[in-house]
Amino acid sequence: MSRTDDIFQAGNPFPFSPVVQLGAFTDDVRTGSEPATRPETVATAALTRVHEQVADYFARRELGGGRGRAIALVGELGMGKSHLAREVAAEVRSRSTVEASPPPLWVINEPSIAMGSIYRNRMMSLRDDRNRRTAFEQVVSHYRADVAANLVEADESRRFGHAREQLVTGLRDRSFDPQKVEQAIDLDRELIHRNLVEHLRLVTDHRGFASALALLLEGPYNREVWDWLTGDPPSRSLIERGVFSSIDAIEGVFDALAVFGFLHGRVGKPYVLVLDALEYVLDWPPDSYNAFINGFEMLVNTYVNQGGLLVFCIRPEPWSRLPRSLHERVLQIWPTRLERAECGRLVRAHVRTLPSAALRGAGLDEEQRATYAPFATGAIDAVAELSDGVPRQALRVCHQSWKIAAASDERIAHIDADLIRVAVRQLHEHRDIGEVLHSVEKTLTNGQWRRELHPPELAAITGDEVNAIAYWLRVDVTSAIGILLVSSVLAEADVTRITRVTRTVRRAFGAGSCEVLVISNGHVPRTMRNRVAQAIGTSPLAVGDASFSEQLARALDVLAARMETARQQTALDTLRTRLSTMAVQQGEVLQRMDRLDGQVERWGATAQPASVSPASGVSGTAAVSLPASVDRLFTVAREALDLLTGGESTTSLRQSLGVDTSGMATPDGRPHRMAFTMEQFQTLGITALLRQLLDGFRDGIAGWLRTVAATAGPVPTAAQENSLFIVCRSFEITFEVLPPIRAELLPGARPTQEQGTRAVRRTQVGDVFGRLAEEVQRAVLREVNGEGGGAREAVR
């Protein structure tokens, strides 16, 4: 075997490079020419849909948009888009043997590369091929015949007499030569030219096409028009007749392709355009890109509306960036990943191309010999799994496994799942461990990640679980990310080891403080990628991916953000637990105060005081006078609360309701509906609760004083002093759990009020209410003990 045969594996039924190329500059519009070795094809849902669309297109005979369509083959690299496009081209070429006039076919492999050069090459080939040139001129002649028929039918001068119907019928069924009819009836050719301009305006504003096509069938101008159509500058004769610029830029090429499709569609002829790798156009500079997209959108509209067939290939992400108007007019076909049965048919189709003598067949059962020998059943399963069902990857895996098997025995006997895994590793593990580490370190350096050799959290852990981590990246003081390197093509044992390492280091760091990122040296099949993600919560990365560096940087940022979110959630859970505890304690305090209020009321009813005089501005169930020293403390507290929450709020509320200080609305005033936020409702509730709490405290003190005044003893008893302590302490600990009042959120608060003033007043309220219980208790005791001027007389 020669060195070349060894490189390309002569005798290997699977392609060395399974990349489809539709055609280059030498691939012209010639029909019926098909490569000598057509790639093997297996039936898939996408292929079936493509064949159905092409068959339906050729089966329809109506003119215009009834048959026209545009088809987008959308999929990632290796999914078989180009293969489907080649099937379309092959099917169109095959019709040259069954139809009188072969359908015109344009196949362009990469529209982003020199569209002008591709166009000139194809048009020169068409011009120099007599049969195809005649076929194109016949299409123009048929179109002119239809135009002439319409003009004759619309002529109301009656100069044609009874011959009108005969002329119209003969022109439309192509039995009359339109040029001879025009000469015989002296039909104004300017009318034909204006008709061409009017109709071609539907697809292009390039008036030169109308003028050129009007002259194409004229003998003296035929060659000049063909030269112009192939991209040459217009001749003097054409310039004099309205053709001023050559077809060279992308706009001109698309105009020409749109006009060709328009002409064929209007006369009921098929016209097929196949474009591959359209996504590379999106990398053009903005001006060129915009020109291409505008021209391409016009091309799609023309083929859909006028009866052409346009098929193009594009990847998903670029497809999503194209205008939505294109999405609405284009039929999308997405090639799907190969299932196990489809992989089996693909392998069988290639193996059957070899003579039976090339296979030894030892150890194969009858079913395997009839299907995909020498590949074992498990090997087909492994191909489907490890290639992720991507056709190109499946063919590469089969080629490599055949190559490995042939290295030991040219007559292949058996290929099993283990050999398939070896082949996949050879295909993807191009880097040694040092190169992998270099790729990772480069990304870590660019991201300024702080690395550690051995985090202190792992000081008590030894063994493989710790040493398996190649890098430790410190996110903050308490959390870190570990990078775990593994080989290509993970097995279940690898997943078990990854899970064990991850659980060990996470326990050492604590919940939410450690993440492990797995990096594979090569390729991770989709099934194993999902298994790892399910086991440890992070999806592995593969060094073999084209965008590995970007993926690694993004993954580290995501994991760092995830741990930050976990820490915040933990803090929220702790705060929520504490608030729940405080709510329970507050409930217990309020229940105790309710019981005390009931006791005070019972004591007051039993005491039956001689007289009760209400205090000014105080509301409550037991609004009575208090000793001056005690009443002064409650007055100061109420004034501090009023200063924080009253005044300007009331004035602003009144103004918000549409009235002035006198209570009168302005002459042109209208009713106002005020809106309140949830924060305002909460602030109002806190304010109301604090006022009621203050009134309840005052009433409780008044009731206590009445009870003491009704007793005969000179000083309060120990039980009475304990009751006073309970009332005061209940108020104090209840106030402690209330949130601070945000007066700026109260309805009617002035937004221009200085924040510093509010902060001072809020501090005053906190100081006054925080000391109130202690000061009231001391003042009351001084009064009842005869130090403050006689409390018993004040409450009687």
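Here, the structure is the one placed above.
Below, the structure is looked at part by part. Keep in mind it's a predicted model, so treat the numbers as computed, not measured.

Parameters and conventions
- Note on numbering: residues in each chain are counted from 1, in written sequence order.
- The predicted origin of the model limits local features to residues at a pLDDT of at least 70 and limits the giving and counting of side-chain atom pairs to 80 or more, whereas totals for whole chains, interfaces and linings rest on all residues.
- With hydrogens and water excluded, all non-hydrogen atoms of the structure serve as input to the side-chain values.
- A simple rule labels every residue: compare its accessible area, found with a 1.4 Å probe on the protein chains alone, to the largest value its type can have, and call it buried under 20%, exposed over 50%, or partly exposed in between.
- Put simply, DSSP marks the helices as runs of H or I at least four residues long and the strands as runs of E at least two long, and each gets a number from the N terminus on.
- Strand pairing requires that DSSP identify at least two bridges connecting the strands.
- In this analysis, rings of Phe, Tyr and Trp, with Trp reduced to its six-membered ring, are considered paired at centre separations within 6.5 Å, and the interplanar angle assigns stacked below 30 degrees, edge-to-face beyond 60, and tilted for intermediate values.
- Axes, fitted as lines to C-alpha atoms, cover a helix only where it is in contact. Angles between the N-to-C directions of the axes lie from 0 to 180 degrees.
- Note on contacts: a residue pair qualifies if any of its non-hydrogen atoms lie within 4.5 Å across the two residues.
- Roughly parallel here means an angle under 35 degrees, roughly antiparallel means over 145, roughly perpendicular means 65 to 115, and every remaining angle is called oblique.
- Crossing handedness: left-handed means the near helix sits turned counterclockwise from the far one by under a right angle, and right-handed means the same turn made clockwise.
- As a working rule, the residues Ala, Val, Leu, Ile, Met, Phe, Trp, Tyr, Cys and Pro are called nonpolar, Asp, Glu, Lys and Arg charged, and the rest polar, with Gly in that last group.

## Description of the pairing of strand β4 (residues 309-314)
Reasoning step 1: The buried count for β4 comes to 6 of 6 residues, which makes it a mostly enclosed element.
Reasoning step 2: Residues of β4 alternate between two faces, with L309, V311 and C313 on one and L310, F312 and I314 on the opposite face, all of them buried.
Reasoning step 3: Bridging between strand β1 (residues 69-74) and β4 involves 6 bridges; their strand directions are parallel. Each residue of the ladder has a partner; that of R69, found in β4, is L309.
Reasoning step 4: As defined by bridge partners, strand β3 (residues 272-275) adjoins β4 across 4 bridges and the pair is classed as parallel. Note on β4: the bridge partner recorded for V274 is V311.

## Examining the packing of aromatic side chains
Reasoning step 1: Evaluated as defined, the whole model comprises 21 aromatic pairs.
Reasoning step 2: On the basis of an interplanar angle of 10° and a centroid distance of 6.1 Å, the ring pair of F292 and F296 is categorised as stacked. Taken together, the positions of F292 and F296, both in helix α13 (residues 286-306) and 4 residues apart, correspond to about one turn of that helix. Across the pair, exposure class does not vary: F292 and F296 are buried alike.
Reasoning step 3: An angle of 45° between the planes, with centres 6.1 Å apart, marks the rings of F312 and W319 as tilted. Exposure class is identical for F312 and W319. Each is buried.
Reasoning step 4: What links up through ring pairs into an aromatic cluster is the set F254, W284, F292, F296, F312 and W319.

## Comments concerning unusual backbone geometry
Reasoning step 1: For R174, which is not a glycine, the phi torsion comes out positive at approximately 70°.
Reasoning step 2: Its place among the elements puts R174 in the loop between α6 (163-172) and α7 (178-184).
Reasoning step 3: The class of R174 is partly exposed, set by a relative accessible area of 28%.
Reasoning step 4: Even without glycine at this site, D388 takes up a positive phi of about 60°.

## Describing the sheet that holds strand β2 (residues 105-108)
Note: strands within a sheet are paired through backbone hydrogen bonds, in either parallel or antiparallel orientation.
Reasoning step 1: With respect to topology, 5 strands assemble into an open sheet ordered β2-β3-β4-β1-β5, the strand pairing being parallel. Both edges of this open sheet fall to β2 and β5 (331-333), since each of them pairs with a single strand only. Averaged over neighbouring strand pairs, the angle between their axes works out to 15° when direction is ignored.
Reasoning step 2: Looking at chain direction, β1 and β5 are connected through 3 bridges and run parallel. Its bridge partner being in β5, I71 is matched across the sheet by L331.
Reasoning step 3: Its contacts with the sheet place α13 against β1, β3 and β4, and it is angled at close to 140° to β4.

## Topic: the packing of helix α23 (residues 492-509) against helix α24 (residues 526-536)
Reasoning step 1: Relative orientation of the contacting elements α23 and α24 amounts to 25°, with a least axis distance of 10 Å. On the basis of the axis angle, α23 is roughly parallel to α24. When the axes of α23 and α24 are compared, the crossing they make is right-handed. Residues E492, V495, I498, T499, T502 and R506 of α23 pack against M528, R531, V532, A535 and I536 of α24.
Reasoning step 2: Its residues assigned to classes, the contact of α23 with α24 shows 6 nonpolar, 2 polar and 3 charged.

## A closer look at the sheet that holds strand β10 (residues 541-542)
Reasoning step 1: Taking strand neighbours across the sheet as the criterion, the 5 strands line up as β6-β7-β8-β9-β10 in an open arrangement whose pairing is mixed. For this open sheet the edge positions go to β6 (450-452) and β10, each flanked by a neighbour on one side alone.
Reasoning step 2: Both strand β7 (residues 469-474) and strand β8 (residues 480-486) contribute to a ladder of 5 bridges, which runs antiparallel. Counterpart to R474 in the pairing with β8 is A480.
Reasoning step 3: Packing of α23 onto the sheet brings it into contact with β7, β8 and β9 (514-520), and relative to β9 it is tilted by some 155°.

## So, the pairing of β1
Reasoning step 1: Where burial is concerned, most of β1 is hidden: 6 out of the 6 residues are buried.
Reasoning step 2: Residues R69, I71 and L73 line one face of β1 and the alternating positions A70, A72 and V74 line the opposite face, and both faces are buried.

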